[in-house]
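Examination of the molecular architecture
Take a look at the letters that make up each chain.
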Amino acid sequence: MSSTALRLITGVVAGLVALAVVLFTPERIFAGITLVVLAWAAVEWFRLCGLAPCQIWPWVVGTVLLAVGWQQLWPHEQLVWLMGLAAASWFSLFAAHLRYRVSRPPQRPFWQRRLIGLVILPLFWVALVEVHAAPQGEWLLLFGILVVVVADSLAYFSGRAFGRHKLAPMISPGKSIEGVIGGLAGVAVLAAIGAVLPLFATTPSWLLAAWCVVVALASVGGDLEESRLKREAGVKDSGRVLPGHGGVLDRLDGQFAAMPLWWLALSHMQLMGGS
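What counts, and where the lines are drawn
Residues numbered from 1 in each chain as written. Predicted model: local features only at pLDDT ≥ 70, side-chain atom pairs only at ≥ 80, totals over all residues. Heavy atoms only, no water. Helix = DSSP H or I, 4+ residues; strand = E, 2+ residues; numbered from the N terminus. Buried < 20%, exposed > 50% of the residue type's maximum accessible area, 1.4 Å probe, protein only. Contact = heavy atoms within 4.5 Å. Phe/Tyr/Trp six-rings, centres within 6.5 Å; stacked < 30°, edge-to-face > 60°. Expected span 1.5 Å × (residues − 1). Core = buried A, V, L, I, M, F, W, Y, C linked by side-chain atoms within 4.5 Å. Patch = residues over 30% accessible without salt bridge, like charges linked within 9 Å, V, L, I, M, F, W, Y side chains within 5 Å. Areas by Shrake-Rupley, 256 points an atom, 1.4 Å probe, with all protein chains shown as cover. Salt bridge = Lys/Arg side-chain N within 4 Å of Asp/Glu carboxyl O. pLDDT = per-residue confidence, 0-100. Arc of directions from axis to C-beta. Pairing = 2+ DSSP bridges.

Some details on the environment of Ser172
Here Ser172 lies in strand β2 (residues 172–176). Taking relative accessible area as the criterion, Ser172 reaches 9% and is therefore assigned buried. Between the C-alpha atoms of Ser172 and Leu98, which are 74 residues apart in sequence, the distance is 11 Å. In this view, Ser172 contacts Leu224, Ser227 and Arg231; residues no more than four positions away in its chain are not counted.

Have a look at this one:
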């Protein structure tokens, strides 16, 4: 089987499984399944941070405990502070990556990379679970996931067709400014479709479009951070759990950055209800 066929089959199977989990599992089961995914992503993240297998598990356990603790103990009405912290962290990382267009970024110390993971990974899970628990949350979550998928897919094809100016070549040589623009154009079309859905009946179309663009930009930051992390570790993929795709981080890097922003978007659009 060719690598392209393997990649396609894995992508379709993983997509269908993810769709079933998002749409058909009760809240507690959804939280449990995604917590396992979070733990696996944490294993990959901290392995890239220079930890030996026997040293990884305390960090993974700490990540899981932080995620569950924040989700269970943090007052729901004050979650905006946690999601704001995640958003600020991702856009700060994004801005830092864009500085290295012509020079190689310095190797960050291990402690810094581990601290980044210990903050952003749990906050992703909190946002994921909270969105899923909202009224019509499974559909709101699906739409947020689609924003990242559309942005990533259209960026890939636009970059291959029109890419001339690299976005951050010393971190991710394949990404271009034209690709990002193409991805954002695709997200704008998705937002236009969303504006006519009953799901966003009470949301002004311009507001939905603006938030979708912000979420898509955040996902680019997530992609760049994972690319830099792999370069610092000297590896091509974060893992091998998904044949043809690499690891969990390789597939979810954009979602890790986007989901807290999507929570903020839904909260601002008053679609989170009492969750």
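Read on, since the account is not over.
Some thoughts on the packing of aromatic side chains
One pass over the full model with this rule turns up six aromatic pairs. Consider the rings of Phe143 and Trp262, whose centres lie 6.0 Å apart with planes at 25°: the pair is stacked. Of this pair, Phe143 sits in helix α6 (residues 137–162) while Trp262 sits in helix α9 (residues 248–268); the two residues are 119 residues apart in sequence, bridging distant segments of the chain. A residue is classified by how much of its surface remains accessible, and Phe143, at 5% relative accessible area, is buried.

Points about helix α7 (residues 177–195)
Counted at 1.5 Å a residue, the expected span for α7 with its 19 residues is 27 Å, and the 27 Å between its end C-alpha atoms agrees. Listed as buried for α7 are Glu178, Gly179, Val180, Gly182, Gly183, Gly186, Val187, Leu190, Ala191 and Gly194. Against α6, β1 (166–168), β2 and α8 (205–233) lie the buried residues of α7.

Remarks on the nonpolar core
Ranked by size, the top nonpolar core spans 76 residues in total, and within it Trp45, Phe200, Trp262, Leu266 and Met269 carry the most contacts. At twelve residues, α9 tops the list of elements feeding residues into this core. Beyond its immediate chain neighbours, meaning those up to four positions away, Trp262 contacts Val131, Leu140, Leu141, Phe143, Gly144, Phe200, Leu208, Cys212, Val215 and Met269.

Section: the side chain of Glu232
Residue placement: Glu232 occurs in helix α8. Among residues more than four places away in sequence, those in contact with Glu232 are Pro106, Gln107, Arg108 and Arg113.

Some points on a nonpolar patch on the surface
A surface patch of nonpolar side chains, about 370 Å² in accessible area, is lined by Leu8, Val12, Leu16 and Leu19. By secondary structure assignment, the location of Leu19 is in helix α1 (residues 3–24). Classification of Leu19 by relative accessible area gives partly exposed; the value is 35%.

Regarding the confidence of the model for the protein
Taken over all residues, the pLDDT of the protein has a mean of 90, while the share at 70 or more is 95%. Looking across the protein, the model is least confident in α1, with a mean pLDDT of 82, and most confident in α7, with 96.

Thoughts on helix α3 (residues 53–73)
For an α-helix, the turn length of 3.6 residues means that residues three or four places apart are oriented alike. When the terminal C-alpha atoms of α3 are compared, their 30 Å separation across 21 residues agrees well with the 30 Å that a helix rising 1.5 Å per residue should span. Burial in α3 covers these residues: Ile56, Val60, Thr63, Val64, Ala67, Trp70 and Gln71. Down the axis of α3, the sector holding all buried residues measures 135°, keeping them to one side. In this structure, α3 carries Cys54, Trp57, Pro58, Leu65, Gln72 and Leu73 as exposed residues pointing more than 90 degrees from its buried face. In the core, the buried residues of α3 are packed alongside α2 (27–48), α4 (79–98) and α5 (110–133).

Focus on unusual backbone geometry
Backbone geometry at Gln136 places phi at a positive 55°, although glycine is not the residue there. The topology assignment puts Gln136 in the loop between α5 and α6. The phi dihedral of Gln270 is positive, around 60°, even though this residue is not glycine. Structurally, Gln270 is set in the segment after α9.

Some words on the pairing of β2
In the case of a regular strand, side chains alternate between the two sheet surfaces. As paired strands, β1 and β2 are joined by two bridges and run antiparallel to one another. By the bridge assignment, Ala168 is partnered in β2 with Ser172. Turn length for the β1-β2 hairpin, with the two strands adjacent in sequence and antiparallel, is three residues.

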